[in-house]
Amino acid sequence: MREESKTLRWTMPDKLEGVRLHFVGIKGTGMAALVEILSDRGAVITGSDVAERFYTDEILEKRGIQAKPFSADNIGDGIQCVIYSSAYSPDKNPDLAEAVRRGIPLLLYSEALGEVSARSYGCGICGVHGKTTTTGLTGTILKELDLPSQVLAGSVIASFGDRCTMTSPSFAAGKRNIFAAETCEYQRHFMAFHPRKIILTAVESDHQDYYPTYEDILAAFVEYACLLPEGGELIYCADDKGASEAATIASRKRPDIKLLPYGTDATGGYRLSFGKVEGGRQYFSIGDMGAFALQVPGRHNARNASAAVALCCQLLREYGKNPIDFREEIRRGLLNFRGGKRRSEIIARTKTPLGQELIVIDDYGHHPTAIATTLAGYREFYKGHKIITDFMSHTYTRTAALLEEFAASFASADSVIINKIYGSAREDASASPVTGEILAAHASKYHKAVSYRGEFAEAAEEAYRQISEPSGAEYPDGYLFVTMGAGDNWKTGTILLEKLAQEGIK
């Protein structure tokens, strides 16, 4: 079960003007996003973290916040609550230890998120895949609809103004606004949330260190769905076997919950139909709402868009509005969506040594299903490009549990480079039955062009070698080089681009 706060329970007031909060681990993506949310509500925020600079430093600095080194001196008399990342604990972190000594309440990030949702019209977006993108799509649509809302995603979203959050112009601090947030299943963190509506994108075996079996993680999603109040809505992907199973079980336990399916297998108003892909757009239609388009690749993203449209339509109904009357705003929101950081993020468009086009993309896909669907989307979207994928598997437990699924997930790539495994601090790498070399060997059973390059410099050299050859008549448009994974192998793309720059290619 999730870790509980170590001191007095703090109840977040409806109005936060002047309330002083301190964040421990403030540079984490979710933590920085929560800073934005609470800052917009009037809170005065300080925070601490490691010295290494992250992209979230820029987000914090725009708010006038400088992350301090961890120290008991950070905890002053005026602080009313300390919010902390689950990566830290009071028995090891000096800020938290001092807060405990002073009797200042502590809240885990997930608990603080729950406090915000309890004072809002909470909409939780969850699932093993797609929750960040779906949250970003939801916020981009809500921005066009201008419903009074705040949205929190687990990554920087371009259409949020390169922020992790969106606050609509009609948002009013101290009032009961819509709060749509990405909610995480790991260690059942989402159980602190107070949802009125839930989007469930996918349920599969994952986080094997916490959920050893599929049944374990399925039970967690069912438990989350059952947090819905009487008449609450579960918007679930009918194309996903696990999501459909979770919805069925939740409905059996709670027949008062309203089920709203979306996807190609859905019945009702949110049935998805795929259209053509051309001109840098993919076209699709959603039930009675009509035709839409996205400028990001992948059928999985059309499904994510269907979920976001369904949620926004249901929210419009809550405000007594007919969604049909807002189709143009929804269309505009979907077209304005450009993805998020590390979600099919285009890092660079440049040239190869032979003068062919090279597109460098970074993506967070770290589960076999996400890898397969994302690469299939690239294959459809970038038809004339040869796809080279550099993959770094995340955690030894996940790799071992899903070894064959990972090995078979690269079918849409033309070439695969495997890095060493990015282990978790919770794991003992020496005791693992699997390594990056073993994953590469298994992938070779399914794919004709797999190489193991453990270090990023080695992987960049291999990528450079491959893009230095003509892509061939089959791929007249050049190359797509993709770094994938939840680790830090995005550095491979950086090294490759630096090598090209040294040769005068920019």
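Here the structure is a predicted model, which is why all the values come from computation and not from measurement.

J.: How would you summarise the pattern of salt bridges if you had to cite specific residues and measurements?
T.: Taken as a whole and judged by the stated rule, the model has 31 salt bridges. Where Glu462 meets Arg453, a salt bridge forms, and the shortest distance between an N and an O atom there is 3.1 Å. Members of the salt-bridge network, linked through shared partners, are Glu36, Asp40, Arg63 and Arg163.

J.: Please provide a residue-by-residue account of the sheet that holds strand 3 (residues 81–84), values included.
T.: In any sheet, the strands associate via hydrogen bonds between backbone groups, in a parallel or an antiparallel arrangement. Within the open sheet, the four strands sit side by side as 2-1-3-4. Their pairing is parallel. Edge positions in the open sheet fall to strand 2 (44–48) and strand 4 (106–108), since each of these has one partner strand only. With strand direction ignored, the average angle separating the axes of adjacent strands in the sheet is 25°. Where strand 1 (residues 20–24) lies against strand 3, four bridges are found, and the strand directions are parallel. Its bridge partner lying in strand 3, Leu21 is registered against Cys81. Sheet strands touched by helix 1 (residues 29–40): strand 1, strand 2 and strand 3. Its angle to strand 1, the strand with the most contacts, is close to 170°.

J.: An account of the sheet that holds strand 13 (residues 281–286) is needed here, citing residue identities and associated values.
T.: Taken in spatial order, the three strands of this open sheet run 12-13-14, and their pairing is antiparallel. The sheet is open, and its two borders are formed by strand 12 (272–278) and strand 14 (290–294), each paired with just one other strand. In this sheet, adjacent strand axes meet at a mean angle of 25° when their direction is disregarded. Here strand 13 pairs with strand 14 via five bridges, running antiparallel.

J.: I'd like a description of the environment of Gly25, backed by residues and values.
T.: Tracing the backbone through its elements, the reader meets Gly25 in the loop between strand 1 and helix 1. Under the relative-accessibility criterion, Gly25 is labelled buried at 4%. Separated by 46 residues in the primary sequence, Gly25 and Ser71 have C-alpha atoms spaced 12 Å apart. Apart from the residues within four sequence positions on either side, Gly25 is in contact with Met31, Ser48, Asp49, Phe70 and Tyr88.

J.: Residues and numbers for the packing of helix 5 (residues 131–145) against helix 8 (residues 299–318), please.
T.: Helix 8 packs onto helix 5 with a crossing angle of 45° between their chain directions and a minimal axis gap of 8 Å. Considered as vectors, helix 5 and helix 8 are oriented oblique to each other. Where helix 5 crosses over helix 8, the two elements pack in a sense that is right-handed. Note on element contacts: helix 8 touches helix 5 through Asn301, Asn304, Ala305, Ala307, Ala308, Val309, Leu311, Cys312, Leu315 and Leu316, opposite Thr133, Thr134, Leu137, Thr138, Ile141, Leu142 and Leu145. Along the lines of polarity and charge, the residues of the contact of helix 5 with helix 8 split into 12 nonpolar, five polar and no charged.

Parameters and conventions
- Residues numbered from 1 in each chain as written.
- Predicted model: local features only at pLDDT ≥ 70, side-chain atom pairs only at ≥ 80, totals over all residues.
- Heavy atoms only, no water.
- Salt bridge = Lys/Arg side-chain N within 4 Å of Asp/Glu carboxyl O.
- Pairing = 2+ DSSP bridges.
- Helix = DSSP H or I, 4+ residues; strand = E, 2+ residues; numbered from the N terminus.
- Axes fitted to C-alpha atoms, helices over the stretch in contact; angles between N-to-C directions.
- Contact = heavy atoms within 4.5 Å.
- Buried < 20%, exposed > 50% of the residue type's maximum accessible area, 1.4 Å probe, protein only.
- Parallel < 35°, antiparallel > 145°, perpendicular 65-115°, else oblique.
- Left-handed = near helix turned anticlockwise from the far one by under 90°.
- Nonpolar A, V, L, I, M, F, W, Y, C, P; charged D, E, K, R; others polar.

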